[in-house]
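# Overview (structure and organization)
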Amino acid sequence: MKLNRILIRKGYATIKLKKINTNHFELTAILNGVKGRFILDTGASNSCIDLGLAEKFKLQVEDSDTKAAGAGAIGMETKISSQNHIQIKDWKYQNFNVVLFDLTHVNTALTEHNAKPVDGIIGADILEKGKAIIDYSSKCLYLKKLVYKF
């Protein structure tokens, strides 16, 4: 039996990934009802949004003492936004926290390789929450659907 069918029966959402020129996978996500372009980064501990896009994604931003590091940049100021909702295809996560910081260095690296800039990064927080499985051969991300009790 195919992996896809097994995971769908186990309650996973199937998300097709697009490989871009930098060999990153790109996907579309809807954050607070607003569609955005994201790269998938298994090495990023938290999902992030570019600081300049807080208004676009309807984020309530608070200061943070945490410094960000990654992709050749260190000690960057961050902000945090809580109680957001994100949807990636059929997978939904409520009360989602997102880190905001300047993603200029990420987007510069992408555009230098003829890739389009991104709004943010999907990191290990979402991958862990969704019990992620990445199938590199079929370019699919599988996230276990969450059940919310109201």
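Description of the structure in this document. (Residues numbered from 1 in each chain as written. Predicted model: local features only at pLDDT ≥ 70, side-chain atom pairs only at ≥ 80, totals over all residues. Heavy atoms only, no water.)

## Comments concerning the sheet that holds strand 1 (residues 12-16)
Within a sheet, adjacent strands bond to each other through the backbone by hydrogen bonds, running parallel or antiparallel. How we decide: One requirement defines pairing of two strands: DSSP has to find at least two bridges between them. Numbered from the N terminus, helices here are DSSP runs of H or I no shorter than four residues, and strands are runs of E no shorter than two. Each axis is a line fitted through C-alpha atoms, and for a helix only the stretch in contact is used; angles between axes span 0 to 180 degrees, taken between their N-to-C directions.
If you trace the 3 strands from one edge of the open sheet to the other, you get 1-11-10, paired in antiparallel fashion. Each edge of the open sheet is held by one strand with a lone partner, namely strand 1 and strand 10 (133-135). Between one strand axis and the next, the sheet turns by 20° as a mean value, whatever way the strands run. One ladder, built from 3 bridges, connects strand 10 with strand 11 (residues 140-144); its direction is antiparallel. For Ile 134, the partnering residue across the bridge sits in strand 11 and is Leu 141.

## Observations regarding the nonpolar core
Definition in use: Among buried residues, the Ala, Val, Leu, Ile, Met, Phe, Trp, Tyr and Cys ones that are joined through side-chain atoms within 4.5 Å form a nonpolar core. Residue burial is assigned from relative accessible area. The probe radius is 1.4 Å, only protein chains are included, and a residue is buried under 20% of its type maximum, exposed over 50%, and partly exposed in between. In this description, contact between two residues means that some pair of their heavy atoms is separated by no more than 4.5 Å.
Among the nonpolar cores identified, the biggest contains 27 residues, and Leu 27, Ile 49, Ile 86, Ile 88 and Ile 126 are the most heavily contacted of them. Sorting the residues of this core by element identifies strand 1, strand 3 (25-31), strand 4 (34-40), strand 7 (73-88), strand 8 (91-101), helix 3 (124-129) and strand 11 as the ones contributing at least two each. Element by element, the count of residues in this core is highest for strand 8, at 5 residues. Not counting residues within four places of it along the chain, the set of residues in contact with Ile 126 comprises Ser 47, Ile 86, Ile 88, Trp 91, Tyr 93, Phe 96 and Leu 143. The next biggest cluster of nonpolar side chains, apart from the first, holds 13 residues, and it includes Ala 44, Val 99, Leu 103 and Leu 110.

## Here we look at the packing of aromatic side chains
Rules: Only Phe, Tyr and Trp rings take part, Trp by its six-membered ring, and two of them pair if their centres are within 6.5 Å. Stacked means planes under 30 degrees apart, edge-to-face means over 60, and tilted covers everything else.
Summed over all chains, the structure comprises 4 aromatic pairs. Measuring from centroid to centroid gives 6.3 Å for Phe 38 and Phe 57, while their planes differ by 55°, and the two rings are tilted. Residue Phe 38 is found in strand 4, and its partner Phe 57 is found in the loop between strand 5 (48-50) and strand 6 (61-70); the two are separated by 19 residues along the sequence. Neither Phe 38 nor Phe 57 differs from the other in exposure class; each is buried. Within the aromatic cluster, the residues linked to one another by ring pairs are Trp 91, Tyr 93 and Phe 96.

## Some points on the environment of Gly 36
Relative to the elements of secondary structure, Gly 36 occurs in strand 4. Placed 21 residues apart in sequence, Gly 36 and Phe 57 show a C-alpha to C-alpha distance of 8.6 Å.

## Some thoughts on the pattern of salt bridges
For clarity, the cut-off: Here, a salt bridge means any Lys or Arg side-chain nitrogen found within 4 Å of an Asp or Glu carboxyl oxygen.
The tally for this structure, following the rule as stated, stands at 3 salt bridges. Where Glu 26 meets Arg 37, a salt bridge forms, and the shortest distance between an N and an O atom there is 3.2 Å. Placement of the pair is Glu 26 in strand 3 and Arg 37 in strand 4, with a sequence separation of 11 residues. We classify Glu 26 as buried; its relative accessible area is 11%. In this structure, Lys 56 engages Asp 119 in a salt bridge whose closest nitrogen and oxygen atoms are separated by 3.5 Å. Separated by 63 residues along the polypeptide, Lys 56 in the loop between strand 5 and strand 6 and Asp 119 in the loop between helix 2 (104-112) and strand 9 (120-122) bring together distant segments of the chain. Judged by relative accessible area, Asp 119 falls into the buried class, the value being 13%.

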